[in-house]
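# Coordinate analysis (summary)
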Amino acid sequence: MEQGSHERMVVLFERCMIACALYEDFWLKYAKYLESHSVEGARNVYRRACTIHLPRKPNIHLNWAAFEEQQGNLDGARDILKTLEEAVPGLAMVTLRRVSLERRTGNLVNAERIFQEAVEHAKDTNTASFFSLKLARFLAKTKADTEGAKTVLKEAIEKDKENAKLYLQLLDLEFQQGVRPDEDRVLQCFDLAMASQLSADAKLTFSQRKVEFLEDFGSNVERLMTVYEEHQKLVKTHSGGKKRAQEGAGDDLVPAEKKHKLEENGTMSMPPPMTMPPPAPAPNSLPPPDPNAAPPPSYNYNWSTGYNQPSANQYNYGQWGYGQQYYPPASQ
């Protein structure tokens, strides 16, 4: 690509597209190459790929929409994303890209409308909660509509009461509003989470954060002590529930026959202890001594005689020349 001419590169890409027409990576490389040479050529490559060969591939459609937005063709970018959403419904990334396009162009009304349609037409509760979180963040941070964001979150909580992220987002909105958070409103968010259908672990976390909030921003020590006592009771209840759950899990390990005997007799019958046979005596490796046998002869070491070293002839060293004396050669 660096050394070849533009005409040769176009021919090479076209030949590759014959065999690799279903691979969007090749189409993207081709389009990216043409972007620096011909805008219409790159647009034609995107159009061929997305309308003929890859009508359901989201990645190349998103790149095509971004290319059209860079060229100032906003209507074309909207049409590309809308067509992809109709061809492959349910893709959150396409919906978020449509919202981002409208937000970048300053059309906040259309962006909010797209979010609301995504919440209304969501297939399940988790998807609806996901878009509700995105919509609430958009209203609070982009449009500065905090009350509208709270309304969206409360409506989502009514439909998904076990989603801790919704309560956390609502709490964050109240906490971040103003220089000093409103103590009563923040406590109402905590109470809403504590009275919900959240799990015991999630409620314990909210209770701990409630105590920390009153420690940092509370204005009444009596309220702080009351919340602290409620938190301690919740901790004890939570610990007792975990202990009972562990004991119940231990009971599940007992066989069904033993459980039946325990229910009948009230006690668990234990098997008699196993008796081990006495250990056999270790066999003696030596026979018992004979009292009539003569004592063994003692070893007679003659310490007076010296140790005679054998000569070299006894070991036949002479045949190897070890017994000969070495004389240095005479100097010339």
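Keep in mind the model is a prediction, meaning the values are calculated, not measured. (Residues numbered from 1 in each chain as written. Predicted model: local features only at pLDDT ≥ 70, side-chain atom pairs only at ≥ 80, totals over all residues. Heavy atoms only, no water.)

## Some remarks on the state of the cysteines
- In the structure shown here, the tally under the stated rule is zero disulfides.
- Here Cys-16 is not disulfide-linked; the sulfur of Cys-20 is the nearest cysteine sulfur, at 6.1 Å. (Disulfide = S-S within 2.5 Å.)

## Considering the confidence of the model for the protein chain
- For the protein chain, the mean per-residue pLDDT works out to 81, and 71% of the residues sit at or above 70.
- Note on residues 296–329: pLDDT is under 50 here. Beyond four places in sequence and across chains, it has four contacts. (pLDDT = per-residue confidence, 0-100. Contact = heavy atoms within 4.5 Å.)

## Quick look at helix H4 (residues 58–70)
- Look at H4: 18 Å from first C-alpha to last across 13 residues, which is about the 18 Å you get at 1.5 Å a residue.
- Along H4, the residues that are buried comprise Ile-60, His-61, Leu-62, Trp-64, Ala-65, Phe-67 and Glu-68.
- Of the surrounding elements, those touching the buried residues of H4 are helix H2 (24–35), helix H3 (39–53), helix H5 (74–87) and helix H6 (92–104).
- Within two residues after H4, Gly-72 carries a phi angle of roughly 85 degrees, on the positive side. (Helix = DSSP H or I, 4+ residues; strand = E, 2+ residues; numbered from the N terminus. Expected span 1.5 Å × (residues − 1). Buried < 20%, exposed > 50% of the residue type's maximum accessible area, 1.4 Å probe, protein only.)

## Examining the packing of H6 against helix H7 (residues 108–120)
- It is the contact of H6 with H7, at a shortest axis distance of 7 Å, that shows an interaxial angle of 165 degrees. Considering the angle they form, H6 stands roughly antiparallel to H7. Crossing hand, H6 versus H7: left-handed. Taken together, the residues of H7 that come into contact with H6 (itself represented by Thr-95, Leu-96, Arg-98, Val-99, Glu-102 and Arg-103) are Leu-108, Asn-110, Ala-111, Ile-114, Phe-115 and Ala-118.
- Class assignment for the residues of the contact of H6 with H7 results in seven nonpolar, two polar and three charged. (Axes fitted to C-alpha atoms, helices over the stretch in contact; angles between N-to-C directions. Parallel < 35°, antiparallel > 145°, perpendicular 65-115°, else oblique. Left-handed = near helix turned anticlockwise from the far one by under 90°. Nonpolar A, V, L, I, M, F, W, Y, C, P; charged D, E, K, R; others polar.)

## Some thoughts on H5
- A rise of 1.5 Å per residue sets the reference length of H5, with its 14 residues, at 20 Å; its end C-alpha atoms lie 20 Å apart and thus fit the reference within 8%.
- The inward-facing, buried residues of H5 abut H4 and H6.
- Where H5 begins, the capping side chain belongs to Asn-73, and its oxygen is found 3.1 Å from the backbone nitrogen of Gly-76. (Polar contact = N/O pair within 3.5 Å; in protein donor to acceptor, adjacent residues only side chain to side chain.)

## Re a nonpolar patch on the surface
- On the surface, a cluster of nonpolar side chains totalling about 330 Å² of accessible area is made up of Leu-22, Tyr-23 and Phe-26.
- Mapped onto the secondary structure, Tyr-23 falls in the loop between helix H1 (6–19) and H2. (Patch = residues over 30% accessible without salt bridge, like charges linked within 9 Å, V, L, I, M, F, W, Y side chains within 5 Å. Areas by Shrake-Rupley, 256 points an atom, 1.4 Å probe, with all protein chains shown as cover. Salt bridge = Lys/Arg side-chain N within 4 Å of Asp/Glu carboxyl O.)

## Let's talk about the environment of Asn-59
- The residue Asn-59 is located in helix H4 in this model.
- Residue Asn-59 is classed as partly exposed on the basis of its relative accessible area, which comes to 35%.
- Counting along the chain gives 34 residues from Asn-59 to Met-93, while the straight-line C-alpha distance between them is 10.0 Å.
- If we ignore the near neighbours within four places in the chain, the residues touching Asn-59 are Glu-24 and Leu-28.

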